[in-house]
Amino acid sequence: MTLLRFMKTLATGPSGPHANFIHYNIDAITLSALHDRTSITTTAPLRLVHWMRSIETVVRAVSNLEEKFHQSFYLYLLPSTRTFVSIGEYYYPMVLVMLPLFAHTLFHSTNTGGLRTAFALASFAVAAALGSILLVLTTHLSLLDPFVPLLDLTRTHHETLSRSYCWTLAGVAVACQVAAVRWFLPTLARLPALDGCVDESQWHRQMQEHRAEFEASKPEPDKDVLALESSPPYAVDNGWRAVKVLLTIYVIIVHCAIGILNYPFALACTLPMTILVALNAPSAESTAVHSGVNAVLLFLLSPAVSLLLLQHLHPSILDSLAYAINGYARHGLFAVPYLCWVYFPVHTLAVWVFVFSTAANDDSTTHDTDDTATK
(Lines give C-alpha, C1' and ligand atoms only; values in the text may rest on other atoms or scores of the structure.)
Protein backbone atom coordinates (compact mmCIF):
# COMPACT_ATOMS: atom_id res chain seq x y z
CA MET A 1 0.00 0.00 0.00
CA THR A 2 2.90 2.35 0.66
CA LEU A 3 4.12 1.86 -2.91
CA LEU A 4 0.65 2.46 -4.37
CA ARG A 5 0.14 5.61 -2.32
CA PHE A 6 3.56 6.90 -3.33
CA MET A 7 2.88 6.19 -7.02
CA LYS A 8 -0.52 7.87 -6.77
CA THR A 9 1.08 10.96 -5.27
CA LEU A 10 3.67 11.12 -8.05
CA ALA A 11 1.06 10.59 -10.75
CA THR A 12 -1.54 13.06 -9.48
CA GLY A 13 0.82 15.70 -8.12
CA PRO A 14 1.27 17.28 -4.70
CA SER A 15 -1.64 18.09 -2.43
CA GLY A 16 -2.08 19.88 0.85
CA PRO A 17 -1.16 23.38 2.02
CA HIS A 18 2.52 22.84 1.21
CA ALA A 19 1.81 22.06 -2.47
CA ASN A 20 1.81 25.72 -3.51
CA PHE A 21 5.38 26.19 -2.27
CA ILE A 22 6.75 23.57 -4.68
CA HIS A 23 5.98 25.87 -7.61
CA TYR A 24 8.51 28.32 -6.13
CA ASN A 25 11.16 25.61 -5.48
CA ILE A 26 10.61 25.82 -1.72
CA ASP A 27 10.83 22.55 0.19
CA ALA A 28 7.79 22.39 2.46
CA ILE A 29 5.93 19.87 4.56
CA THR A 30 2.52 19.91 6.24
CA LEU A 31 2.18 18.48 9.74
CA SER A 32 -1.11 18.25 11.59
CA ALA A 33 -2.07 16.94 15.02
CA LEU A 34 -5.26 14.98 15.57
CA HIS A 35 -6.96 14.52 18.91
CA ASP A 36 -7.73 10.88 19.63
CA ARG A 37 -11.02 10.81 21.51
CA THR A 38 -10.77 7.06 22.07
CA SER A 39 -7.57 7.33 24.09
CA ILE A 40 -7.63 6.67 27.82
CA THR A 41 -7.94 9.85 29.85
CA THR A 42 -5.26 8.71 32.25
CA THR A 43 -2.65 8.74 29.52
CA ALA A 44 -0.02 11.36 30.09
CA PRO A 45 -0.25 14.26 27.63
CA LEU A 46 2.45 14.63 25.01
CA ARG A 47 4.94 17.23 26.06
CA LEU A 48 5.82 20.10 23.78
CA VAL A 49 9.47 19.11 23.72
CA HIS A 50 8.55 15.64 22.48
CA TRP A 51 6.31 17.16 19.82
CA MET A 52 9.03 19.51 18.59
CA ARG A 53 11.57 16.68 18.65
CA SER A 54 9.28 14.58 16.47
CA ILE A 55 8.97 17.42 13.98
CA GLU A 56 12.74 17.82 13.88
CA THR A 57 13.21 14.09 13.30
CA VAL A 58 10.73 14.04 10.42
CA VAL A 59 12.26 17.09 8.75
CA ARG A 60 15.79 15.71 9.10
CA ALA A 61 14.73 12.33 7.73
CA VAL A 62 13.06 13.89 4.69
CA SER A 63 16.04 16.17 4.12
CA ASN A 64 18.50 13.28 4.30
CA LEU A 65 16.34 11.19 1.99
CA GLU A 66 16.16 14.00 -0.56
CA GLU A 67 19.92 14.44 -0.37
CA LYS A 68 20.40 10.71 -0.93
CA PHE A 69 18.16 10.92 -3.99
CA HIS A 70 20.16 13.92 -5.28
CA GLN A 71 16.92 15.95 -5.41
CA SER A 72 15.52 13.52 -8.00
CA PHE A 73 12.96 11.74 -5.87
CA TYR A 74 10.72 11.18 -8.90
CA LEU A 75 13.28 8.65 -10.20
CA TYR A 76 12.62 6.35 -7.24
CA LEU A 77 9.72 4.36 -5.85
CA LEU A 78 9.17 3.59 -2.18
CA PRO A 79 7.89 0.02 -1.64
CA SER A 80 8.03 0.66 2.12
CA THR A 81 9.02 3.40 4.51
CA ARG A 82 12.58 2.03 4.76
CA THR A 83 13.43 0.91 1.20
CA PHE A 84 13.36 2.42 -2.27
CA VAL A 85 13.81 1.20 -5.85
CA SER A 86 15.70 3.18 -8.50
CA ILE A 87 14.63 3.77 -12.08
CA GLY A 88 17.19 1.28 -13.35
CA GLU A 89 15.17 -1.53 -11.77
CA TYR A 90 11.54 -0.57 -12.35
CA TYR A 91 11.77 0.99 -15.84
CA TYR A 92 11.92 -2.30 -17.76
CA PRO A 93 8.30 -3.45 -17.22
CA MET A 94 6.99 -0.39 -19.05
CA VAL A 95 9.32 -1.06 -21.98
CA LEU A 96 8.16 -4.68 -22.09
CA VAL A 97 4.55 -3.50 -22.24
CA MET A 98 5.39 -1.52 -25.40
CA LEU A 99 6.99 -4.47 -27.21
CA PRO A 100 3.92 -4.92 -29.48
CA LEU A 101 4.43 -1.37 -30.71
CA PHE A 102 8.04 -2.13 -31.64
CA ALA A 103 6.85 -5.23 -33.52
CA HIS A 104 4.16 -3.31 -35.43
CA THR A 105 6.63 -0.57 -36.34
CA LEU A 106 9.14 -3.03 -37.77
CA PHE A 107 6.49 -5.03 -39.59
CA HIS A 108 4.78 -2.14 -41.37
CA SER A 109 7.99 -0.26 -42.14
CA THR A 110 9.68 -3.30 -43.69
CA ASN A 111 6.67 -4.83 -45.45
CA THR A 112 5.10 -1.73 -46.98
CA GLY A 113 6.17 -0.02 -50.16
CA GLY A 114 5.92 3.74 -50.48
CA LEU A 115 4.90 4.75 -46.98
CA ARG A 116 3.02 8.04 -47.14
CA THR A 117 5.18 9.68 -44.51
CA ALA A 118 4.29 13.23 -45.55
CA PHE A 119 0.58 12.45 -45.25
CA ALA A 120 1.11 10.88 -41.83
CA LEU A 121 3.02 13.92 -40.59
CA ALA A 122 0.38 16.29 -41.97
CA SER A 123 -2.41 14.26 -40.38
CA PHE A 124 -0.66 14.25 -37.03
CA ALA A 125 -0.07 18.00 -37.31
CA VAL A 126 -3.82 18.53 -37.80
CA ALA A 127 -4.69 16.31 -34.82
CA ALA A 128 -2.05 17.99 -32.65
CA ALA A 129 -3.34 21.44 -33.66
CA LEU A 130 -6.84 20.47 -32.56
CA GLY A 131 -5.34 19.17 -29.32
CA SER A 132 -3.62 22.52 -28.83
CA ILE A 133 -6.99 24.24 -29.20
CA LEU A 134 -8.34 21.99 -26.47
CA LEU A 135 -5.35 22.84 -24.28
CA VAL A 136 -6.00 26.57 -24.71
CA LEU A 137 -9.69 26.10 -23.89
CA THR A 138 -8.79 23.98 -20.87
CA THR A 139 -6.38 26.51 -19.42
CA HIS A 140 -8.59 29.50 -20.32
CA LEU A 141 -12.05 28.36 -19.29
CA SER A 142 -13.45 31.85 -19.69
CA LEU A 143 -13.43 31.26 -23.46
CA LEU A 144 -16.17 28.68 -22.93
CA ASP A 145 -18.57 31.07 -21.22
CA PRO A 146 -20.67 31.67 -24.37
CA PHE A 147 -21.06 27.91 -24.85
CA VAL A 148 -21.54 26.56 -21.32
CA PRO A 149 -25.17 25.50 -20.87
CA LEU A 150 -27.24 26.62 -17.90
CA LEU A 151 -24.80 29.42 -17.19
CA ASP A 152 -27.25 31.36 -15.02
CA LEU A 153 -27.75 28.34 -12.79
CA THR A 154 -24.05 27.56 -12.52
CA ARG A 155 -23.17 31.02 -11.29
CA THR A 156 -24.66 30.12 -7.92
CA HIS A 157 -23.68 26.43 -7.92
CA HIS A 158 -19.94 25.94 -8.18
CA GLU A 159 -20.24 22.17 -8.42
CA THR A 160 -22.59 22.47 -11.39
CA LEU A 161 -20.28 25.06 -12.89
CA SER A 162 -17.30 22.70 -12.90
CA ARG A 163 -19.41 19.88 -14.32
CA SER A 164 -20.75 22.12 -17.08
CA TYR A 165 -17.26 23.18 -18.10
CA CYS A 166 -16.02 19.59 -18.11
CA TRP A 167 -18.87 18.35 -20.26
CA THR A 168 -18.47 21.32 -22.59
CA LEU A 169 -14.78 20.46 -23.03
CA ALA A 170 -15.73 16.86 -23.77
CA GLY A 171 -18.27 18.06 -26.34
CA VAL A 172 -15.69 20.29 -28.01
CA ALA A 173 -13.25 17.36 -28.13
CA VAL A 174 -15.84 15.13 -29.80
CA ALA A 175 -16.70 17.88 -32.30
CA CYS A 176 -13.02 18.30 -33.17
CA GLN A 177 -12.66 14.57 -33.68
CA VAL A 178 -15.68 14.42 -35.97
CA ALA A 179 -14.38 17.34 -38.02
CA ALA A 180 -10.93 15.76 -38.33
CA VAL A 181 -12.17 12.28 -39.26
CA ARG A 182 -14.97 13.47 -41.54
CA TRP A 183 -13.36 16.40 -43.38
CA PHE A 184 -9.77 17.34 -42.53
CA LEU A 185 -8.00 13.98 -42.85
CA PRO A 186 -9.90 12.79 -45.98
CA THR A 187 -9.03 16.10 -47.64
CA LEU A 188 -5.35 15.58 -46.86
CA ALA A 189 -5.54 12.01 -48.17
CA ARG A 190 -6.70 13.28 -51.57
CA LEU A 191 -3.88 15.80 -52.01
CA PRO A 192 -1.50 14.71 -54.80
CA ALA A 193 1.47 16.24 -52.98
CA LEU A 194 0.98 13.74 -50.13
CA ASP A 195 0.66 10.61 -52.26
CA GLY A 196 4.05 9.30 -51.24
CA CYS A 197 6.44 7.30 -53.38
CA VAL A 198 4.03 5.18 -55.39
CA ASP A 199 6.84 3.96 -57.66
CA GLU A 200 8.53 2.20 -54.73
CA SER A 201 5.86 -0.47 -54.40
CA GLN A 202 5.79 -0.85 -58.19
CA TRP A 203 9.57 -1.24 -58.23
CA HIS A 204 9.39 -3.95 -55.58
CA ARG A 205 6.69 -5.70 -57.58
CA GLN A 206 8.82 -5.66 -60.73
CA MET A 207 11.81 -6.93 -58.77
CA GLN A 208 9.69 -9.82 -57.54
CA GLU A 209 8.59 -10.65 -61.08
CA HIS A 210 12.17 -10.58 -62.42
CA ARG A 211 13.32 -12.74 -59.53
CA ALA A 212 10.53 -15.24 -60.21
CA GLU A 213 11.51 -15.40 -63.90
CA PHE A 214 15.15 -15.91 -62.98
CA GLU A 215 14.32 -18.69 -60.53
CA ALA A 216 12.06 -20.36 -63.10
CA SER A 217 14.99 -20.56 -65.54
CA LYS A 218 17.10 -22.50 -63.04
CA PRO A 219 17.24 -26.29 -62.89
CA GLU A 220 14.58 -27.89 -60.74
CA PRO A 221 16.83 -28.77 -57.75
CA ASP A 222 18.16 -25.18 -57.52
CA LYS A 223 14.83 -23.36 -57.67
CA ASP A 224 13.68 -21.23 -54.74
CA VAL A 225 10.01 -22.02 -54.15
CA LEU A 226 9.37 -18.82 -52.21
CA ALA A 227 10.72 -16.67 -55.02
CA LEU A 228 8.28 -18.26 -57.48
CA GLU A 229 5.24 -16.96 -55.63
CA SER A 230 3.30 -14.34 -57.56
CA SER A 231 2.18 -12.29 -54.55
CA PRO A 232 4.04 -8.97 -54.18
CA PRO A 233 6.40 -8.82 -51.21
CA TYR A 234 5.31 -5.32 -50.20
CA ALA A 235 1.83 -3.97 -49.50
CA VAL A 236 0.79 -0.67 -51.03
CA ASP A 237 0.27 2.08 -48.47
CA ASN A 238 -2.90 4.11 -48.84
CA GLY A 239 -2.15 6.25 -45.83
CA TRP A 240 -3.25 4.28 -42.80
CA ARG A 241 -0.06 2.21 -42.52
CA ALA A 242 2.10 5.33 -42.41
CA VAL A 243 -0.22 6.85 -39.82
CA LYS A 244 0.00 3.73 -37.68
CA VAL A 245 3.80 3.63 -37.91
CA LEU A 246 3.94 7.27 -36.86
CA LEU A 247 1.56 6.62 -33.96
CA THR A 248 3.61 3.68 -32.69
CA ILE A 249 6.84 5.68 -32.81
CA TYR A 250 5.19 8.67 -31.14
CA VAL A 251 3.65 6.59 -28.35
CA ILE A 252 6.95 4.82 -27.67
CA ILE A 253 9.01 8.03 -27.51
CA VAL A 254 6.49 9.98 -25.42
CA HIS A 255 5.94 7.27 -22.83
CA CYS A 256 9.65 6.54 -22.52
CA ALA A 257 10.27 10.23 -21.86
CA ILE A 258 7.39 10.55 -19.40
CA GLY A 259 8.52 7.34 -17.71
CA ILE A 260 11.74 9.08 -16.70
CA LEU A 261 9.96 12.14 -15.33
CA ASN A 262 6.87 10.49 -13.84
CA TYR A 263 6.95 6.72 -14.02
CA PRO A 264 3.63 5.97 -12.26
CA PHE A 265 1.74 8.27 -14.60
CA ALA A 266 3.47 6.79 -17.66
CA LEU A 267 2.84 3.23 -16.50
CA ALA A 268 -0.86 3.92 -16.01
CA CYS A 269 -1.16 5.33 -19.54
CA THR A 270 1.14 2.94 -21.41
CA LEU A 271 -1.03 -0.17 -21.32
CA PRO A 272 -4.28 1.31 -22.73
CA MET A 273 -2.40 3.31 -25.36
CA THR A 274 -0.40 0.25 -26.41
CA ILE A 275 -3.55 -1.84 -26.78
CA LEU A 276 -5.30 0.96 -28.68
CA VAL A 277 -2.50 1.47 -31.22
CA ALA A 278 -1.50 -2.19 -31.58
CA LEU A 279 -5.05 -3.35 -32.37
CA ASN A 280 -5.80 -0.42 -34.64
CA ALA A 281 -6.53 -1.34 -38.26
CA PRO A 282 -9.20 -0.54 -40.87
CA SER A 283 -12.40 -2.41 -40.20
CA ALA A 284 -12.68 -3.33 -43.89
CA GLU A 285 -9.35 -5.17 -43.76
CA SER A 286 -9.86 -6.93 -40.42
CA THR A 287 -11.82 -9.90 -39.21
CA ALA A 288 -15.18 -9.45 -37.53
CA VAL A 289 -13.76 -10.21 -34.09
CA HIS A 290 -10.83 -7.84 -34.55
CA SER A 291 -13.09 -5.07 -35.81
CA GLY A 292 -15.51 -5.60 -32.93
CA VAL A 293 -12.80 -5.43 -30.29
CA ASN A 294 -11.26 -2.38 -31.96
CA ALA A 295 -14.63 -0.62 -32.17
CA VAL A 296 -15.44 -1.29 -28.52
CA LEU A 297 -12.00 -0.06 -27.44
CA LEU A 298 -12.28 3.13 -29.49
CA PHE A 299 -15.77 3.73 -28.13
CA LEU A 300 -14.78 3.24 -24.50
CA LEU A 301 -11.70 5.45 -24.85
CA SER A 302 -13.54 8.29 -26.58
CA PRO A 303 -13.60 11.56 -24.57
CA ALA A 304 -17.32 11.71 -23.78
CA VAL A 305 -17.75 8.00 -23.04
CA SER A 306 -14.61 7.88 -20.89
CA LEU A 307 -15.82 10.84 -18.86
CA LEU A 308 -19.26 9.28 -18.48
CA LEU A 309 -17.84 5.93 -17.33
CA LEU A 310 -15.41 7.56 -14.91
CA GLN A 311 -18.19 9.68 -13.46
CA HIS A 312 -20.33 6.57 -13.00
CA LEU A 313 -17.51 4.68 -11.28
CA HIS A 314 -16.23 7.64 -9.31
CA PRO A 315 -18.79 10.45 -8.84
CA SER A 316 -16.12 12.97 -7.84
CA ILE A 317 -14.06 12.45 -11.00
CA LEU A 318 -15.07 15.86 -12.36
CA ASP A 319 -13.67 17.51 -9.26
CA SER A 320 -10.46 15.53 -9.77
CA LEU A 321 -10.35 16.74 -13.36
CA ALA A 322 -10.73 20.32 -12.18
CA TYR A 323 -7.88 19.69 -9.73
CA ALA A 324 -5.72 18.32 -12.56
CA ILE A 325 -6.36 21.44 -14.63
CA ASN A 326 -5.52 23.64 -11.67
CA GLY A 327 -2.46 21.49 -10.95
CA TYR A 328 -1.20 21.97 -14.49
CA ALA A 329 -1.52 25.73 -14.17
CA ARG A 330 0.19 25.79 -10.77
CA HIS A 331 2.62 22.87 -10.72
CA GLY A 332 3.02 21.84 -14.36
CA LEU A 333 1.39 18.41 -14.04
CA PHE A 334 1.50 16.13 -17.07
CA ALA A 335 -2.16 15.13 -17.07
CA VAL A 336 -3.62 18.01 -19.08
CA PRO A 337 -0.85 18.23 -21.76
CA TYR A 338 -0.93 14.45 -22.05
CA LEU A 339 -4.67 14.42 -22.70
CA CYS A 340 -4.44 17.19 -25.30
CA TRP A 341 -1.19 16.33 -27.10
CA VAL A 342 -0.97 12.55 -26.73
CA TYR A 343 -4.34 10.98 -25.98
CA PHE A 344 -6.44 13.20 -28.24
CA PRO A 345 -4.25 13.03 -31.41
CA VAL A 346 -3.65 9.29 -31.03
CA HIS A 347 -7.33 8.51 -30.49
CA THR A 348 -8.40 10.78 -33.35
CA LEU A 349 -6.01 9.19 -35.84
CA ALA A 350 -6.93 5.73 -34.56
CA VAL A 351 -10.59 6.46 -35.29
CA TRP A 352 -9.67 7.61 -38.81
CA VAL A 353 -7.68 4.42 -39.40
CA PHE A 354 -10.61 2.32 -38.19
CA VAL A 355 -13.12 3.99 -40.52
CA PHE A 356 -10.63 4.07 -43.40
CA SER A 357 -12.55 3.56 -46.62
CA THR A 358 -11.58 0.83 -49.04
CA ALA A 359 -12.49 3.15 -51.91
CA ALA A 360 -9.17 4.94 -51.52
CA ASN A 361 -7.43 1.59 -51.60
CA ASP A 362 -9.19 0.61 -54.80
CA ASP A 363 -8.40 3.95 -56.44
CA SER A 364 -4.74 3.69 -55.49
CA THR A 365 -4.50 0.14 -56.79
CA THR A 366 -6.15 1.16 -60.06
CA HIS A 367 -3.75 4.08 -60.35
CA ASP A 368 -0.75 1.79 -59.87
CA THR A 369 -2.12 -0.69 -62.41
CA ASP A 370 -2.63 2.04 -64.99
CA ASP A 371 0.92 3.30 -64.48
CA THR A 372 2.28 -0.20 -64.90
CA ALA A 373 0.30 -0.74 -68.09
CA THR A 374 1.45 2.60 -69.47
CA LYS A 375 5.09 1.83 -68.83
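Within an unreviewed UniProt entry, the label attached to the protein chain reads Aste57867_23908 protein, and the organism entered is Aphanomyces stellatus.

**Q** I'd love a proper account of the overall build of the protein chain, names of residues and values included.
**A** Helices and strands together make up the secondary structure of the protein chain, namely 17 helices and four strands. Scored against the burial criterion, the 375 residues of the protein chain give a buried share of 35%. Counting contacts in the protein chain only where the partners sit at least 6 residues apart, residues at least 24 apart contribute 75% of the total. Accessible surface for the protein chain amounts to roughly 22300 Å². Of this, 66% is attributable to carbon and sulfur atoms.

**Q** How would you sum up the nonpolar core? Please name residues and give values.
**A** Membership of the largest hydrophobic core comes to 57 residues, with the highest contact counts inside it found for Leu101, Val243, Tyr338, Phe344, Val346, Leu349 and Trp352. Those elements that place two or more of their residues in this core are helix H1 (2-12), helix H7 (117-139), helix H9 (158-189), helix H11 (240-261), helix H12 (263-279), helix H13 (288-300) and helix H16 (335-354). Counting residues per element, this core draws most heavily on H16, which supplies 13 residues. In this structure, Cys166, Ala170, Leu307 and Leu318 belong to the second largest nonpolar core, which totals five residues.

**Q** Account for the side chain of Asn294, naming residues and giving values.
**A** Along the chain, Asn294 turns up in helix H13. We classify Asn294 as buried; its relative accessible area is 1%. In contact with Asn294, not counting residues within four places along its chain, are Leu279, Asn280, Ala281 and Phe354.

**Q** Give me the side chain of Ser291: which residues, what numbers.
**A** One can find Ser291 in helix H13. The class of Ser291 is buried, set by a relative accessible area of 13%. Those residues in contact with Ser291 that lie beyond four places of it in its chain are Ser283, Ser286 and Phe354.

**Q** Account for the packing of H12 against H16, naming residues and giving values.
**A** Closest axis-to-axis distance for the H12/H16 pair is 11 Å, and the angle between their directions is 10°. The orientation of H12 with respect to H16, classified from their angle, is roughly parallel. In this structure, H12 uses Phe265, Cys269, Met273, Leu276 and Val277 to contact H16, whose residues at the interface are Ala335, Tyr338, Val342, Tyr343, Val346, His347 and Ala350. Looking at the contact of H12 with H16 residue by residue, the classes come out as 11 nonpolar, one polar and no charged.

**Q** Lay out H16 with the relevant residues and their values.
**A** Remark: the principal bend of H16, roughly 30°, maps to Tyr343, with a proline, Pro345, within the next four residues. Of all 20 residues in H16, 17 are buried, a share of seventy percent or more.

**Q** Outline the pattern of salt bridges, listing residues and values.
**A** A side chain of one charge can pair with a side chain of the opposite charge when the charged atoms of the two come close. Tallying each qualifying case throughout the model produces two salt bridges. The closest approach of N and O atoms between Arg60 and Glu56, which form a salt bridge, is 3.1 Å. Of this pair, Arg60 and Glu56 both sit in helix H3 (residues 48-68), four residues apart, which is roughly one turn of that helix. Judged by its relative accessible area of 52%, Arg60 is exposed. Classification of Glu56 as partly exposed rests on a relative accessible area of 40%. We note a salt bridge from Arg241 to Glu285, for which the minimum N-O separation is 3.9 Å. You can see Arg241 sitting in helix H11 and its partner Glu285 sitting in the loop between H12 and H13, a full 44 residues away along the chain. Of the residues examined, Arg241 reaches a relative accessible area of 13% and is grouped as buried. Classification of Glu285 by relative accessible area gives partly exposed; the value is 35%.

**Q** So what about the confidence of the model for the protein chain? Which residues, and what values?
**A** Summarising the model, the protein chain shows a mean pLDDT of 76, and 69% of its residues fall at 70 or more. Scored below 50 in pLDDT, residues 359-375 shows 12 contacts in the model against residues more than four places distant or in partner chains.

**Q** Give a description of a nonpolar patch on the surface that names residues and reports values.
**A** Side chains of Ile29, Leu31, Val58, Val59 and Val62 sit close together on the surface and give an oily, nonpolar patch of about 370 Å² of accessible area. Along the chain, Val59 falls in helix H3.

The rules behind these values
Residues numbered from 1 in each chain as written. Predicted model: local features only at pLDDT ≥ 70, side-chain atom pairs only at ≥ 80, totals over all residues. Heavy atoms only, no water. Helix = DSSP H or I, 4+ residues; strand = E, 2+ residues; numbered from the N terminus. Buried < 20%, exposed > 50% of the residue type's maximum accessible area, 1.4 Å probe, protein only. Contact = heavy atoms within 4.5 Å. Areas by Shrake-Rupley, 256 points an atom, 1.4 Å probe, with all protein chains shown as cover. Core = buried A, V, L, I, M, F, W, Y, C linked by side-chain atoms within 4.5 Å. Axes fitted to C-alpha atoms, helices over the stretch in contact; angles between N-to-C directions. Parallel < 35°, antiparallel > 145°, perpendicular 65-115°, else oblique. Nonpolar A, V, L, I, M, F, W, Y, C, P; charged D, E, K, R; others polar. Bend = angle between axes of the 7 residues up to and from the residue. Salt bridge = Lys/Arg side-chain N within 4 Å of Asp/Glu carboxyl O. pLDDT = per-residue confidence, 0-100. Patch = residues over 30% accessible without salt bridge, like charges linked within 9 Å, V, L, I, M, F, W, Y side chains within 5 Å.

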